[in-house]
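Commentary on secondary and tertiary structure
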Amino acid sequence: MNSELITLLKDARLNRVSESIKLDYQKLFDLANQHQISALIYNQIYNFDDFPVELKEIWKSQIFKINVIQTRKTMKMLQVYEQFLNQNLKVLIVKGLICRSLYPQPDNRQSNDEDLYVQKEEFEKTKDILLKNNFAVVLESNDVTTFIDPVSGLSIELHTALFSLESKAYGNYQKYFDHAFDECIVHQIDGVNVYSLEYSQHLLFLILHFVKHFFHGGVGIRQVADIVMYSEAYGDRIDWDSLYAVLKDLNIYILITSLFALAHDHLEFDYTKIKVPDDIDNNDYQDL
């Protein structure tokens, strides 16, 4: 079932119509939910002739809710973000909204929350805007505060460090993003200009976030797809030599180049959009 899921995800990210294949629809439903790509997968199979009617209706209802909720969350995020801009706050959006915009149908790429990166000296002003917009603080730590809007359901993680400085495993990752605000770029999302990490830094962040999950408890295939989509979209703006040098310094070069090789073979990762490492053909990714 893993191979069928990946084939359907490949078609979804490439905006292709999937050919009908033999599926265990219940197992596919459970697996798609586990990886939080159920909307992407349903869009590929809804017209398959042997799709069980009862499960199809359940799945369809779930996807409708996902799309409506995701649209509502995006609208709320952009509404609040415009207030950040009006106050001259440089708040960087990472992952969710930026990655979602790369998919053919963005609302089918669901997000649990939005991650924002803010300078410590602008944290309180940013927090005040969120509180004035009816967000409530639900969790606080030294590096990240989590807010939730009870109306839209939007959850925001407001970071003053992208990787906890207290972590012995990942605290050293933060040094790569300490000057992110000096090098940030602007994306336009639904007509709103939003700040985000510079292209090479953002891909590095997606990779390091993948590594963090990989070593802690496993990675969803959606994270792999995000890395692929971002690499293809902005490959000509990424400093690949510097990126690979960092991966070698962190001893994760083989892991990530193996991931690239896997994505090339199973998700049609377009190598013409990136600088491919010379030794990538030596990777055996079967265990991965």
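Residues numbered from 1 in each chain as written. Predicted model: local features only at pLDDT ≥ 70, side-chain atom pairs only at ≥ 80, totals over all residues. Heavy atoms only, no water.

**Observations regarding the packing of helix α1 (residues 2-13) against helix α2 (residues 25-34)**
- Where α1 contacts α2, the axes come no closer than 10 Å and their chain directions differ by 65°. The way α1 lies across α2 gives a crossing that is right-handed. Where α1 abuts α2, its residues N2, L5 and L8 lie against L28, L31 and A32. (Axes fitted to C-alpha atoms, helices over the stretch in contact; angles between N-to-C directions. Helix = DSSP H or I, 4+ residues; strand = E, 2+ residues; numbered from the N terminus. Left-handed = near helix turned anticlockwise from the far one by under 90°. Contact = heavy atoms within 4.5 Å.)

**Digging into helix α3 (residues 38-45)**
- The buried count for α3 comes to seven of eight residues, which makes it a mostly enclosed element.
- Every buried residue of α3 is listed here: S38, A39, L40, I41, Y42, Q44 and I45.
- The secondary structure elements touched by the buried residues of α3 are α1, α2 and α4 (53-86). (Buried < 20%, exposed > 50% of the residue type's maximum accessible area, 1.4 Å probe, protein only.)

**Brief notes about the packing of aromatic side chains**
- All told, the structure shown has 22 aromatic pairs when counted by the stated rule.
- Measuring from centroid to centroid gives 5.7 Å for F51 and W59, while their planes differ by 80°, and the two rings are edge-to-face. Just as F51 is buried, W59 falls in that class too.
- Counting every residue linked through ring pairs, the aromatic cluster contains Y25, F29, Y42, Y46, F51 and W59.
- Looking at K90, its charged tip hangs above the ring of Y195, at a distance of 5.6 Å from the centre.
- For K248, the ring lying beneath its charged end belongs to Y253, and the centroid distance is 4.8 Å. (Phe/Tyr/Trp six-rings, centres within 6.5 Å; stacked < 30°, edge-to-face > 60°. Lys NZ or Arg CZ within 6 Å of the ring centre and 35° of its normal.)

**Brief notes about the layout of surface pockets**
- Reported here for the largest pocket is a volume of approximately 730 Å³.
- The element contributing the most residues to the lining of the largest pocket is helix α8 (residues 199-216), with five residues.
- Looking at side-chain class alone, the lining of the largest pocket contains nine nonpolar, 14 polar and nine charged residues.
- Within this model, the second largest pocket holds a volume of roughly 480 Å³. (1 Å grid on protein atoms, 1.4 Å probe; cavity = no way out; pocket = protein on both sides within 12 Å on 5 of 7 lines; lining within 4 Å. Points joined across faces, edges and corners; volume = space filled by probe spheres on them. Nonpolar A, V, L, I, M, F, W, Y, C, P; charged D, E, K, R; others polar.)

**Details of the packing of α4 against helix α6 (residues 123-132)**
- The contact between α4 and α6 brings their axes to 10 Å, and the two run at 140°. One element, α4, and the other, α6, form an angle in the oblique class. Once α4 is placed against α6, the crossing between them reads as right-handed. Contact residues: V80, Q83 and F84 in α4; T126, I129 and L130 in α6. (Parallel < 35°, antiparallel > 145°, perpendicular 65-115°, else oblique.)

**What to know about α2**
- The complete set of buried residues in α2 reads Y25, L28, F29, L31 and A32.
- In this fold, the buried residues of α2 make contact with α1, α3 and α4.
- Just past α2, the residue Q36 takes up positive phi, approximately 55°.

**Regarding the environment of N43**
- Relative to the helices and strands, N43 resides in helix α3.
- A C-alpha to C-alpha distance of 30 Å links N43 and Y81, two positions 38 residues apart in sequence.
- Once residues within four sequence positions are removed from consideration, N43 is found in contact with Q105 and N108.
- There is a polar contact of 2.7 Å between the side chain of N43 and the side chain of Q105. (Polar contact = N/O pair within 3.5 Å; in protein donor to acceptor, adjacent residues only side chain to side chain.)

**Observations regarding a nonpolar patch on the surface**
- On the surface, V138, L139 and I148 cluster together into a nonpolar patch covering about 270 Å² of accessible area.
- Examined against the element boundaries, I148 turns out to sit in strand β4 (residues 144-148). (Patch = residues over 30% accessible without salt bridge, like charges linked within 9 Å, V, L, I, M, F, W, Y side chains within 5 Å. Areas by Shrake-Rupley, 256 points an atom, 1.4 Å probe, with all protein chains shown as cover. Salt bridge = Lys/Arg side-chain N within 4 Å of Asp/Glu carboxyl O.)

**Regarding the state of the cysteines**
- Within this structure, the stated rule accounts for zero disulfides.
- Unpaired in terms of disulfides, C99 finds its nearest cysteine sulfur in C184, a separation of 17 Å.
- Residue classification places C184 among the buried positions, given a relative accessible area of 17%. (Disulfide = S-S within 2.5 Å.)

**Description of the pairing of strand β5 (residues 155-159)**
- Counting buried positions along β5 gives four out of five residues, so the element sits mostly inside the fold.
- Judged from the five bridges that link them, β4 and β5 form a sheet pairing that is antiparallel. Across the sheet, T146 pairs through a bridge with E157, a residue of β5.
- The hairpin turn running from β4 into β5, its antiparallel successor, is six residues long, and G153 in that turn takes a positive phi close to 85°. (Pairing = 2+ DSSP bridges.)

**Observations concerning the pattern of salt bridges**
- Scanning all chains against the criterion turns up nine salt bridges.
- For R16, the salt bridge is made with E268, and the minimal N-O distance between the two is 2.6 Å. Of this pair, R16 sits in the loop between α1 and α2 while E268 sits in the segment after α11 (253-266); the two residues are 252 residues apart in sequence, bridging distant segments of the chain.
- In this structure E268 comes out as partly exposed when scored by relative accessible area, which is 34%.
- Notably, a salt bridge pairs D226 with R109, separated by 2.4 Å at the nearest N-O pair. Separated by 117 residues along the polypeptide, D226 in helix α9 (residues 221-234) and R109 in the loop between α5 (96-100) and β2 (114-117) bring together distant segments of the chain.
- We classify R109 as buried; its relative accessible area is 4%.

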